[in-house]
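# Observations on the three-dimensional arrangement
If you want the building blocks of each chain, they are given just below.
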Amino acid sequence: MSGDTDEAHIMNISRRASEISPFYVMELLEKARLMEADGHSVIHMEVGEPGFETPGAIKQEALRALNDGKTFYTHSLGIPELREAVSRHYRDRFRLDVSPARVIITNGSSGAFILLFAALLERGRTLAIADPGYPCYRNIALLTDCTVRRLPVSPDSNYEVLPDQLRGPPAIDALVVANPSNPTGTIYRAGALQALHEQLSARGGVLVVDEIYSGLVYDAPFASSISISEDIVVVSGFSKAFAMTGWRLGWMVVPPGLVRPIQKLAQNLFIAPPSISQYAALAAFDDADGLARMCGLYRERRDFLVPRLRGLGFDVPVKPDGAFYIYAGIERFGMDSMLFVERALAEARVAITPGYDFGSFRAASHVRFSYADRLENLVEGCDRLERWLQGREGS
Ligand SMILES: Cc1ncc(COP(=O)(O)O)c(C=O)c1O
């Protein structure tokens, strides 16, 4: 975090680059890794990365692709086989008919957002995002010089953006929401996204739904927003449900009229998504049992962590139904969330993410726990937090 302004001074760094907020969770992770290199054990409840290795069948496909010499640029929108596999996935899981022509394979879902925002946003246009919400939407969108409007969401509305919040001025050109959500793990209730879509499209706005966690859903019913309308954009990817973060592969399903503009942007910005990763991902949708096993383990971790955190004094007003996050209130501890996570790391050796990573609304009084790590580690992390918090009360 230090040194940012010095660098801007020495080199002629753009205002955008010097003003972009750091992704605190990555900074914390880097700090935690330094502590580990010094021989300390740190429990990781900060990072949103599956604790599982990529499933074996996917790795086998990658080896096969390497041996077959699939080391060249592919089509800018992705290899046809994978676009078809994504289309089949929507048919098999959701009974939805999605033409492969509307499926665009991208460099992580992050790459999808870069392309999408470049296609939809510019100076004078407004992107709306949930607060708390995934921070990179805003930081990617700011590259287009658009205006970003944060819409506060709270447990009173199940952390959902409500149609009334979309009333202008200014008119909203695009709204992006994550379902299931990061950082709250909540899932939009039936009809809620449809209502947002109606409100937005009446004024020409586009609804973008980030479904990257849609493979990790526990008790609640989940429907892909593709079913609502052809003019909704759905972004998704292989990182989370298929434990493929390092392969940098995602996809989006877009309205037919967006395919060509995005294709031109993709040709220029990325040339193509990574070839080996695409061939490897052809095996991803075949392992339903593996996915169900991973989901079962995440559910077990959530079922341990929610009551345990509540018992420690954290406020978890809404039970998360998907992803691997718990957004917890820390009012009871009387500390700003940034100080809380810094001290939890330094004194309890537990890494957690401050609310500030997800916006500004009640950010000072919230932290995010990730339960992507193994259950034993989560148990140990909670024991450490308990000892630390008790020590504070006694002091
Ligand atoms: C809500 C959400 N969207 C997108 C991403 C980016 O994922 P990818 O690895 O596909 O770029 C993340 C990563 O944490 C996320 O939480």
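Presented here is an overview of the structure given in this document. This is a predicted model, so every value here is computed, not measured. (Residues numbered from 1 in each chain as written. Predicted model: local features only at pLDDT ≥ 70, side-chain atom pairs only at ≥ 80, totals over all residues. Heavy atoms only, no water.)

## Overview of the overall build of the chain
To be explicit about the condition: Each helix corresponds to a stretch of at least 4 residues labelled H or I by DSSP, and each strand to a stretch of at least 2 residues labelled E; elements are numbered beginning at the N terminus. It is over C-alpha atoms that the radius of gyration is taken, and the globule rule equals 2.2 Å times the number of residues to the power 0.38. Type-normalised accessible area, obtained with a 1.4 Å probe on protein chains alone, sets the label of each residue: buried when under 20%, exposed when over 50%, and partly exposed for intermediate values. What makes two residues a contact is simply this: any of their non-hydrogen atoms within 4.5 Å. Using a 1.4 Å probe, the Shrake-Rupley method yields the accessible areas, and only the shown protein chains count as cover for residues. Neither His nor the chain ends contribute to the count of charged residues, in which Lys and Arg are positive and Asp and Glu negative. For this purpose, a charge sits on NZ of Lys, CZ of Arg, CG of Asp or CD of Glu.
Across its full length, the chain carries 13 helices and twelve strands. At 21 Å, the chain has a C-alpha radius of gyration in line with the 21 Å of a compact globule built from 395 residues. On the principal axes, the C-alpha backbone points of the chain span a range of 65 × 55 × 50 Å. Expressed as a percentage of the 395 residues in the chain, the buried residues total 54%. Of the contacts made within the chain by residues no fewer than 6 positions apart, 73% connect residues no fewer than 24 positions apart. Working note: accessible area of the chain is about 17200 Å², and carbon and sulfur atoms make up 51% of it. Here the chain holds 41 positive side-chain charges and 48 negative ones, and the gap between their average locations is 2 Å.

## Some remarks on the site of the ligand
Which entries qualify depends on this criterion: The nearness test applies per residue and asks whether one of its heavy atoms lies within 4 Å of the molecule or strand. For this analysis, a polar contact is any N or O atom pair within 3.5 Å, provided that within protein one partner can donate a hydrogen and the other can accept it, and provided that sequence-adjacent residues contribute only side-chain to side-chain pairs. Using a grid of 1 Å spacing that covers the protein atoms alone, one calls a set of points a cavity when a 1.4 Å probe fits there but cannot get out, and a pocket when the set is open and has protein on both sides within 12 Å along at least five of seven lines; lining residues are those with an atom within 4 Å of a point. A cavity or pocket is said to hold a molecule if more than half of that molecule's atoms lie within 2 Å of its grid points. Only Asp, Glu, Lys and Arg are considered charged, only Ala, Val, Leu, Ile, Met, Phe, Trp, Tyr, Cys and Pro nonpolar, and every remaining residue, Gly among them, polar.
Taken together, G108, S109, S110, Y134, Y137, N182, D210, I212, Y213, S239, K240 and R248 make up all the residues around the ligand. Between D210 and the ligand, the recorded distance is 2.6 Å, taken from a side-chain N or O atom to a nitrogen atom. In the environment of the ligand, an oxygen atom lies 2.7 Å from a nitrogen or oxygen atom belonging to the side chain of R248. According to the grid-proximity analysis, the pocket containing the ligand is the largest pocket. Class assignment for the residues of the shell around the ligand results in four nonpolar, five polar and three charged.

## Here we look at the sheet that holds strand β12 (residues 366–370)
The condition is simple: Here the rule is simple: two strands pair whenever DSSP picks up at least two bridges between them.
Across the sheet, which stays open at both edges, the three strands sit in the order β9-β12-β11 with antiparallel pairing between neighbours. Whereas interior strands pair on both sides, the edge strands pair on one side only; in this sheet they are β9 (325–329) and β11 (353–354). Here β9 pairs with β12 via five bridges, running antiparallel. Bridge pairing in β12 links G329 to H366.

## Comments concerning the layout of surface pockets
Inclusion rule: Grid points are joined across faces, edges and corners, and a volume is the space filled by probe spheres set on the points.
Estimates place the volume of the largest pocket at around 500 Å³. Together, 22 residues line the largest pocket, and F23, G48, S110, Y134 and K240 are the ones closest to its centre. At the level of secondary structure, the elements contributing two or more residues to the lining of the largest pocket comprise α3 (24–37), α6 (108–120) and α7 (135–141). In terms of residue count, α7 provides more of the lining of the largest pocket than any other element does, three residues in total.

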